[in-house]
Amino acid sequence: MAQGQFRSYVWDPVLIISQIILMQCIFYSCLGIWLVVVDSLVQNTRSLDQIFSYEVLGFSTPQGRVSMIAFVLNSLTCALGLWFFIRRGKQCLDFTVTVHVFHLLGCWIFNSQFPATLTWWLVNLVSIALMAVIGEYLCMRTEMKAIPVNTAPKSNL
């Protein structure tokens, strides 16, 4: 361990790749769960387009508004995933952006064209901001907890 550092940082690509895969699984599984919950509340039909089609997200249709609500709720759930599995405040933004870049690539492949609607970009930027800030807040609270130095009972001298 280097002088003056609290933790040692070891380059572990297997850990990083497994955390990326885990966060991607959390992102899509929780988004699917939120879409099922919100769709069942408003009697909306479920579709893979709600996840990947950028044209579905919008303020003009009920399906678009429901999908936007699910994306915002999903960012809160994914922030909990960052807290449970990443546990480092410094890495929250990195993993958040990585998850959303892979989502951008998935949307690009699914639609065969680059997402071009302003609403899609706004929803994803809000989701990135919420997920990163809440994830960092939760991780920082955990990192800042007091570390007990001496757990032995005090002796009276």
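As a starting point, this report considers the structure included with it.

Rules and cut-offs
Residues numbered from 1 in each chain as written. Predicted model: local features only at pLDDT ≥ 70, side-chain atom pairs only at ≥ 80, totals over all residues. Heavy atoms only, no water. Helix = DSSP H or I, 4+ residues; strand = E, 2+ residues; numbered from the N terminus. Contact = heavy atoms within 4.5 Å. Areas by Shrake-Rupley, 256 points an atom, 1.4 Å probe, with all protein chains shown as cover. Polar contact = N/O pair within 3.5 Å; in protein donor to acceptor, adjacent residues only side chain to side chain. Buried < 20%, exposed > 50% of the residue type's maximum accessible area, 1.4 Å probe, protein only. Expected span 1.5 Å × (residues − 1). Patch = residues over 30% accessible without salt bridge, like charges linked within 9 Å, V, L, I, M, F, W, Y side chains within 5 Å. Salt bridge = Lys/Arg side-chain N within 4 Å of Asp/Glu carboxyl O. Axes fitted to C-alpha atoms, helices over the stretch in contact; angles between N-to-C directions. Parallel < 35°, antiparallel > 145°, perpendicular 65-115°, else oblique. Left-handed = near helix turned anticlockwise from the far one by under 90°. Nonpolar A, V, L, I, M, F, W, Y, C, P; charged D, E, K, R; others polar.

1. Things to note about the overall build of the protein chain
So, point 1. In terms of helices and strands, the protein chain carries five helices and zero strands.
So, point 2. Ordered by position in the sequence, the α and β elements of the protein chain form the string α-α-α-α-α.
So, point 3. Of all intrachain contacts in the protein chain linking residues separated by at least 6 positions in sequence, the fraction that spans at least 24 positions is 71%.
So, point 4. Of the roughly 10,200 Å² of accessible surface on the protein chain, 69% is carried by carbon and sulfur atoms.

2. A word on the side chain of Gln-19
So, point 1. Inspection of the secondary structure assignment puts Gln-19 in helix H1 (residues 13–42).
So, point 2. Among the polar contacts listed, one links the side chain of Gln-19 to the backbone oxygen of Phe-85, at a separation of 3.4 Å.
So, point 3. For Gln-19, the contacting residues outside a window of four places in its chain are Phe-85, Ile-86 and Phe-95.

3. Details of the environment of Cys-25
So, point 1. Along the polypeptide, Cys-25 turns up in helix H1.
So, point 2. Classification of Cys-25 by relative accessible area gives partly exposed; the value is 45%.
So, point 3. As for Cys-25 and Val-99, which are separated by 74 residues in sequence, their C-alpha atoms are 9.5 Å apart.

4. Comments concerning unusual backbone geometry
So, point 1. Although it is not a glycine, Gln-43 adopts a positive phi angle of roughly 55°.
So, point 2. The exposed category is assigned to Gln-43, whose relative accessible area is 69%.
So, point 3. The phi dihedral of Arg-87 falls on the positive side, at around 65°, and the residue is not glycine.
So, point 4. Within the secondary structure, Arg-87 sits in the loop between helix H3 (62–86) and helix H4 (89–111).
So, point 5. Judged by relative accessible area, Arg-87 falls into the partly exposed class, the value being 45%.

5. As for the environment of Gly-32
So, point 1. Counting through the fold element by element, Gly-32 comes out in helix H1.
So, point 2. Judged by its relative accessible area of 22%, Gly-32 is partly exposed.
So, point 3. Once the C-alpha coordinates of Gly-32 and Asn-74 are considered, the two residues, 42 residues apart in sequence, prove to be 8.9 Å apart.

6. Here we look at H1
So, point 1. Under the 1.5 Å per step criterion, the end-to-end length of H1 is 43 Å for 30 residues, consistent within 8% with the ideal 44 Å.
So, point 2. Among the residues of H1, those classed as buried are Gln-19, Met-23, Gln-24, Ile-26, Phe-27, Cys-30, Leu-31, Leu-35, Val-38 and Asp-39.
So, point 3. Among the structural elements, helix H2 (49–52), H3, H4 and helix H5 (118–143) are those in contact with the buried residues of H1.
So, point 4. Residue Gln-43 follows H1 closely and has a positive phi angle near 55°.

7. Considerations on a nonpolar patch on the surface
So, point 1. Taken together, the side chains of Leu-93, Val-97, Val-101, Phe-102, Leu-105, Trp-108, Phe-114 and Trp-121 present a nonpolar region at the surface, about 680 Å² in accessible area.
So, point 2. Residue contributions to the nonpolar patch peak at six residues, all from H4.
So, point 3. Relative to the helices and strands, Val-97 is located in helix H4.
So, point 4. What makes Val-97 partly exposed here is its relative accessible area of 35%.

8. Brief notes about the packing of H3 against H5
So, point 1. Axis separation between H3 and H5 bottoms out at 8 Å; the angle between their running directions is 25°. Between H3 and H5, the angle is such that the two are roughly parallel. Handedness of the H3/H5 crossing: right-handed. Contacts between H3 and H5 involve Met-68, Phe-71, Val-72, Ser-75, Leu-76, Cys-78, Ala-79, Leu-80, Leu-82 and Trp-83 from the former and Thr-119, Val-123, Asn-124, Ser-127, Leu-130, Met-131, Ile-134, Gly-135, Leu-138, Cys-139 and Thr-142 from the latter.
So, point 2. Residue classes in the contact of H3 with H5 are distributed as 15 nonpolar, six polar and no charged.

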